[in-house]
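These are the residues of each chain, in order.
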Amino acid sequence: MTTVSGNASGSQGDLPLDAIVIGAGFSGLYQLHTLRNDHGYRVQVLEAGDGVGGTWHWNRYPGARCDSESHAYCYSFSDSLTREWQWSERYPGAAEIVRYLNHVADRFDLRRDIQLNTRVVSARFDDDRHQWHVKTAAGDTFVARYLITAIGCLSSANVPALAGLDRFNGQWVHTGAWPHDGVDFSGRRVGQIGTGSTGIQAAPVIAETAKQLTVFQRTANYSVPARNAPLSDEQRQQQRDNATAVRELMRSNTNGHPWSINSESALQASADERAARYERMWTDGGLRFRAAYSDLGSNAQANRTAADFIKSKIRRKVRDPATAEALCNIDHPYGAKRPPIDTGYFETFNRDHVSLVDLKSDPIIEVTASGIRTESTHHNLDIIVFATGFDAMTGALLSIDIEGVGGTTLQQKWADGPCNYLGIQITGFPNLFTITGPGSPSVLTNMPVAIEQHVDWVTGCINHLQQHGKTRIEASDEAMTNWRSEVNTAADATLLPTVAHSWYLGANIPGKPRVFMPYAGGLGRFREICNDIAARNYDGFVIS
Ligand code: NAP
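Residues numbered from 1 in each chain as written. Predicted model: local features only at pLDDT ≥ 70, side-chain atom pairs only at ≥ 80, totals over all residues. Heavy atoms only, no water.

1. What to know about the overall build of the protein
What the protein contains, in helices and strands, is 16 helices and 21 strands. Here the C-alpha atoms of the protein give a radius of gyration of 23 Å, agreeing with the 24 Å that 2.2 N^0.38 yields for 544 residues. Counting only C-alpha atoms and orienting by the principal axes, one finds that the protein spans roughly 70 × 55 × 45 Å. By the burial criterion, 59% of the 544 residues in the protein qualify as buried. In the protein, 71% of the contacts between residues at least 6 apart in sequence involve partners at least 24 apart. (Helix = DSSP H or I, 4+ residues; strand = E, 2+ residues; numbered from the N terminus. Rg over C-alpha atoms; globule rule 2.2 N^0.38 Å. Buried < 20%, exposed > 50% of the residue type's maximum accessible area, 1.4 Å probe, protein only. Contact = heavy atoms within 4.5 Å.)

Below, the structure is given as structure tokens:
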């Protein structure tokens, strides 16, 4: 066992590392860049994977592609990086994003402070010295003033505890931990469980080579065509020309995407106007369909107009009427669960070797040695693909044994669900910053924009402490309680909490406390709140 420490470039006297960052995805790379390259702190990044890339390092399932547009799904902190990098398609595929993040790691000389293949298993706060002691699975200890988790919101894979899974003689895989040497579906009978954003991307691609594909659907889902396509040189030039304006728009609007939400109400438009608008947005494709009207996310009646439009499209696409009805039997408002976008998802069910099992009417009983038994049928399978999502927002944090002041663990602190201040700090866990933690806008936005905001704020906060000769910051209990109600109030103004079974509420994980986790008040508003708190000497934090 080794203990790793070192002197900051004069910044913290004889203290060890200034900061330990867990994770080398979008958040961790930028946190390292800004703390070390911009401000000279000594930083160590610890990454469990054997490469940088975070989410995109692990999610290499067939069809893995970002739903944000490529020119917006990237960093904006460096104009020269923006000018240099050429995206190839409207939406970036997983492999291209991994290439981009590797380029960033090289471009900003980040690798020398990233230790790969290093899983953090525990972290303990030394209350006397104001330091975090971080232990890895290999038994090494790292010590630093600040601990910053950059471990992603969707990184703890959820494999449902299906009876008999251990007896299955075939292969099973989870999309969020996809084998890096791939999975060969050719000539195989594949069962896919899950029809969220991931499952809707994976099914059409798996169907291209599988002998047979059976999709097990628990909750039917909306999806709008992505309309992915290669980018022309002209489009790329246009994006570069508009980069500054688009960056300002994304930083100030609700969801961090490069478009504004139409300010008109769906209910004030005539039926013909609405149909024409939805048709236009459908043809354009992508997540921006949600921006067709101002009230789709907040008014159930307005939302129904969009939901009915999408269902009418699904019915037209799917030839078998029973399958079409099962796909349209959607029990929640459009966008109230994270809405997928797709490339040929519904059309896939027109292929002879693809079928849908509606688990609402025919639930899974067990996995057998040779497949999956539902109430009515045994499905013979060679491979089971779990596209069953994640223990979102808290799963990865709680998988590390984090011990704060007085030996209280994060598991104990969050026994009734996550509670923090601004998504970033928890009472009793001084000097711990959780990038895009629960209570932040993160998953309701275009992630890199939200990540840059959170990271910049943390860096500003550490600079503030440094400049004032302080070594400890901790959210007050009152600030944390007030932020919880702010998060609830923001959610209650939308249709999001009306869906009982969404992962936003933790409902996809048996036994997880039901707390609406992301901040739904919008990224622009969140940024203003954070800036205001910083300007008022970090109001709500206790600094010493
Ligand atoms: P998800 O949205 O949680 O979907 C999981 C699917 O598995 C759902 O259909 C769920 O059904 C089903 N499921 C879970 N447990 C099950 C069980 N025991 N039996 C049967 N079905 C079960 O997960 P995801 O699709 O991986 O997406 C998670 C999030 O990652 C997305 O919402 C999005 O934020 C992000 N993501 C983004 C992209 C992108 O940008 N391209 C791609 C993929 C994912 P229920 O709905 O009934 O729970």
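Let us keep going from here.
2. Comments concerning unusual backbone geometry
The phi torsion at Asp109 lies on the positive side, around 55 degrees, for a residue other than glycine. Along the chain, Asp109 falls in the loop between helix H4 (94-107) and strand S4 (114-115). A positive phi angle is found at Asn431, which is not glycine, with a value near 65 degrees. Here Asn431 shows up in the loop between helix H13 (410-413) and strand S19 (432-434). Here Asn431 falls in the buried class, since its relative accessible area comes to 0%.

3. Comments concerning the environment of Ile261
Mapped onto the secondary structure, Ile261 falls in the loop between helix H7 (243-252) and helix H8 (271-284). For Ile261, a relative accessible area of 37% corresponds to the partly exposed category. Residues contacting Ile261, with those up to four places away along its chain left out, are Thr254, Ala291, Tyr293 and Ser294.

4. Considerations on the packing of helix H9 (residues 300-317) against helix H10 (residues 321-328)
At a minimum axis separation of 9 Å, H9 and H10 run at an interaxial angle of 155 degrees. What the angle tells us is that H9 and H10 run roughly antiparallel. Crossing of H9 against H10: the hand is right-handed. Every residue of H10 that contacts H9 at Lys311, Ile314 and Arg315 is listed here: Ala324, Glu325, Leu327 and Cys328. Here the residues of the contact of H9 with H10 sort into four nonpolar, no polar and three charged. (Axes fitted to C-alpha atoms, helices over the stretch in contact; angles between N-to-C directions. Parallel < 35°, antiparallel > 145°, perpendicular 65-115°, else oblique. Left-handed = near helix turned anticlockwise from the far one by under 90°. Nonpolar A, V, L, I, M, F, W, Y, C, P; charged D, E, K, R; others polar.)

5. Describing the domain arrangement of the protein
You can read the domains of the protein as domain 1 (3-156 + 392-543) and domain 2 (165-234 + 267-386). Taking only C-alpha atoms, the centre of domain 1 and the centre of domain 2 are 31 Å apart. Each partner contributes to the interface: domain 1 provides 27 residues, whereas domain 2 provides 39 residues. Both sides together, the interface formed by domain 1 and domain 2 hides about 2,600 Å², and carbon and sulfur atoms give 52% of it. For the pair domain 1 and domain 2, the number of links is two salt bridges. Of the residues assigned to the side of domain 1 that touches domain 2, the class counts are eleven nonpolar, nine polar and seven charged. (Domains from an automatic or database assignment. Buried area = accessible area lost by both parts, 1.4 Å probe. Salt bridge = Lys/Arg side-chain N within 4 Å of Asp/Glu carboxyl O.)

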